[in-house]
Amino acid sequence: MRIAAQIVFGLLCSANSCPIAVEVFEGNTSDGATLSGQIEKVRKGWGIENVVWVSDRGILTNSKIKELLKPIEGLDYITGLTKPQIRKLAEVEVIQLGLFEQVNLVEFESEDYPDERLIACRNPFIAEKNQLQREALLEATEKELDLIVQATQREKRALKGQDKISDFRTGASHLRDE
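## Quick word on a nonpolar patch on the surface
Together, Ile 7, Phe 9, Leu 11, Val 22 and Val 24 line one region of the surface with nonpolar side chains, adding up to about 510 Å² of accessible area. Elements represented by at least two residues in the nonpolar patch include exactly β1 (7-13) and β2 (19-26). With 3 residues, the single largest contributor to the nonpolar patch is β1.

Given below as structure tokens:
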């Protein structure tokens, strides 16, 4: 078995998306571990004091934001929230998902993110992917429920009782062939 070498590329771009710096890191370097060096490179090496860091959730985590960006004047950021963070905001109705049926972009505030501007947008590609996934899960569930119905209606040794149906529902495959 041949093991391929892994490396991590760090890329800094201008406001016009023009690459201005590329750095190569060892393959086992986490994205977040590269951030402090890049901040120092931009601020001290190039003398740029006001920077907006735009990054994915892997680099700009809440802890990295608190540790590296918030304490320094002139550093701002744009990043995404994780699914669990978004789900939590939806559960406490900070984000009203029904708004996305009317508009694609919503600005909102949350006590969980004080002094931050939060914007949520609807991604039609992810929405379509999620819809297809929901449909596949519903179809799989219907097939499983059909198996239960068939098992309860068979002429010989029909499945009866909550405990047997529950065992059947949780995947006790030996009950399917009774």
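## A look at the confidence of the model for the chain
Looking at the chain as a whole, its pLDDT mean stands at 82, while 92% of the residues score no less than 70. Put simply, helix α5 (residues 162-169) is where the chain has its lowest mean pLDDT, 73, and strand β4 (residues 75-78) is where it has its highest, 91. Segment residues 173-178 is flagged for pLDDT under 50; beyond a separation of four residues in sequence, or across chains, it makes 12 contacts in the model.

## Things to note about a positive patch on the surface
On the surface, a cluster of positive charge is contributed by Arg 57, Lys 83, Arg 87 and Lys 129. Within the fold, Arg 57 resides in the loop between β3 (51-54) and α2 (62-69).

## A look at the nonpolar core
Leu 35, Ile 39, Trp 53, Leu 60, Leu 69 and Leu 75 are the most contacted members of the largest nonpolar core, which totals 13 residues. If you list the elements that add at least two residues to this core, you get α1 (35-45), β3, α2 and β4. Once you skip the residues sitting within four places of it in the chain, Leu 69 turns out to touch Ile 39, Trp 53, Leu 60, Lys 64, Leu 75 and Tyr 77. Within the second largest apolar cluster, 7 residues are counted, among which are Leu 81, Leu 89, Phe 108 and Leu 118.

Conventions and cut-offs
- Per chain, residues are indexed from 1 in the order of the written sequence.
- Residues qualify for local features only when their pLDDT is at least 70, as the model is predicted, and side-chain atom pairs are given and counted only at 80 or more; totals for whole chains, interfaces and linings, by contrast, use all residues.
- The side-chain quantities take in all heavy atoms of the structure and omit both hydrogens and water.
- Any residue with relative accessible area above 30% and no salt bridge may belong to a patch, with like charges joined within 9 Å and the nonpolar Val, Leu, Ile, Met, Phe, Trp and Tyr side chains within 5 Å.
- The method behind every accessible area is Shrake-Rupley, applied with a 1.4 Å probe, and residues are considered shielded solely by the protein chains displayed.
- Each reported salt bridge corresponds to a side-chain nitrogen of Lys or Arg within 4 Å of a carboxyl oxygen of Asp or Glu.
- Counting from the N terminus, the helices are the DSSP runs of H or I reaching at least four residues and the strands are the DSSP runs of E reaching at least two.
- The predictor attaches a confidence to each residue, and that confidence, scored 0 to 100, is pLDDT.
- Contacts are assigned to residue pairs with any non-hydrogen atoms lying within 4.5 Å of each other.
- Here Asp and Glu are counted as negative and Lys and Arg as positive; His is not counted, and neither are the chain ends.
- In this description, the location of a charge corresponds to atom NZ of lysine, CZ of arginine, CG of aspartate or CD of glutamate.
- Working definition of a nonpolar core: buried Ala, Val, Leu, Ile, Met, Phe, Trp, Tyr and Cys residues. They are joined through side-chain atoms within 4.5 Å.
- The buried label goes to any residue with under 20% of its type's maximum accessible area, the exposed label to any with over 50%, and the partly exposed label to all in between, with areas taken from a 1.4 Å probe on protein chains only.

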